Amino acid sequence: MKKVLCAVLACVFANLSQAQWQQDVRLTNDPGWSTTSFNNAWCIAASGNFVHVVWSDNRDGNNEIFYKRSTDGGANWQADIQLTNTNASMDFPSIAAYGSDVYAVWFDNRDLNKEIYFKHSSDNGLTWEADVQLTFNTSPSNYPSLSVYESLVNVVWGEGRDGNWEIYYKRSTDKGFTWDSDTRLTNNPSDSYNPSVSADESNVN
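For the structure given in this document, a descriptive report is provided here. (Residues numbered from 1 in each chain as written. Predicted model: local features only at pLDDT ≥ 70, side-chain atom pairs only at ≥ 80, totals over all residues. Heavy atoms only, no water.)

## A look at the pattern of salt bridges
Reasoning step 1: By the definition in use, this model includes 14 salt bridges.
Reasoning step 2: The residue lysine 119 makes a salt bridge to aspartate 131 at a minimum N-O spacing of 2.5 Å. Of this pair, lysine 119 sits in strand S8 (residues 115-121) while aspartate 131 sits in the loop between S8 and strand S9 (132-133); the two residues are 12 residues apart in sequence, bridging distant segments of the chain.
Reasoning step 3: On the accessibility criterion, lysine 119 (8% relative accessible area) is buried.
Reasoning step 4: For aspartate 182, the salt bridge identified is with arginine 161, shortest N-O distance 2.7 Å. Taken together, the positions of aspartate 182 in the loop between strand S12 (166-172) and strand S13 (183-184) and arginine 161 in the loop between strand S11 (152-159) and S12 put the pair 21 residues apart, joining distant regions of the chain.
Reasoning step 5: Judged by relative accessible area, aspartate 182 falls into the partly exposed class, the value being 27%.
Reasoning step 6: Classification of arginine 161 by relative accessible area gives partly exposed; the value is 34%.
Reasoning step 7: Sharing partners across several salt bridges, the network here consists of Asp30, Asp57, Arg59, Lys68 and Asp80. (Salt bridge = Lys/Arg side-chain N within 4 Å of Asp/Glu carboxyl O. Helix = DSSP H or I, 4+ residues; strand = E, 2+ residues; numbered from the N terminus. Buried < 20%, exposed > 50% of the residue type's maximum accessible area, 1.4 Å probe, protein only.)

## Describing the nonpolar core
Soluble globular proteins tend to bury their nonpolar side chains together.
Reasoning step 1: Val105, Ile116, Phe118, Leu134, Leu146, Val153 and Val155 are the most contacted members of the largest nonpolar core, which has 16 residues in total.
Reasoning step 2: Those elements that provide at least two residues to this core are strand S6 (90-98), strand S7 (101-108), S8, strand S10 (141-149) and S11.
Reasoning step 3: Contacts of valine 155, omitting those with residues within four sequence positions, involve Val105, Ile116, Leu134, Ser145, Leu146, Tyr168, Tyr169, Lys170 and Trp179. (Core = buried A, V, L, I, M, F, W, Y, C linked by side-chain atoms within 4.5 Å. Contact = heavy atoms within 4.5 Å.)

## Description of the sheet that holds S8
Reasoning step 1: Spatial strand order, S6-S7-S8-S9: 4 strands in an open sheet with antiparallel pairing. Each of the sheet's edge strands pairs with one partner strand only, and the pair in question is S6 and S9.
Reasoning step 2: As judged from the 7 bridges shared by S7 and S8, these two strands associate in the antiparallel manner. Along S8, the bridge assignment pairs aspartate 108 with glutamate 115. (Pairing = 2+ DSSP bridges.)

The quantities given are spatial measurements derived from coordinates; they are silent on function.
Right, here's the structure in full:
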C-alpha cells in the first residue's frame, strides 16, 4: 500500500514540476498609456480557443476603450480594435464571453457625467454593435464589472446617487438587447465601490 501511495505521489509531484508559465506576451505597443481596471473587474475573457482583452488607451490624446483577441488560445493575437471613438474619457472596462457572444462595459464621460456604457459582439469580437447607455442619472457611475452565463448578462458598478457611494446591479436576460431596472445592492452610511461580479447558471455573486 505504501509503495502504491509513494508511486501516486511521485506522479503528482512530477506533473507539478512540469507545470510551467509561458513567457510574457506584449499586447500593446503605442506611445500612450494602456491600462486595465484596478477593481478586480474582468478585463480578460475566454470562450473555447478565443481569448478577449479590453483596456483603456490614450494613444489618441484621450482615453478610449480598445479590444484585442486571439483565436488560438493566446498563442497569436490580432490587431487592436478601437471600441469607442469620442472626445470624452473612457475608463475601467470589463469583458465577458459565452459561446460566440462577447460583451464589454466601461464608464464613459461623453455626456459630461460618468455613465456606464455597454457593447456586444455576436461573432467572437470580429464586429461590434452600437454602444448602449446603461445608467441615466446626475451622479457619477463608476468601476463596472461584467459577467455572463448563456443569455444572462450581469453588470455591477459603484454610484453616488444616494449621497454616498453604493453598489448597483443591472441585468439583461436576452444578451443585452433589453435591460431590467437598476437594483441597489448595498445600503449603509459609508462608501461602497469597486465591485466585481461572477455568474454560474442561475447563481450570481
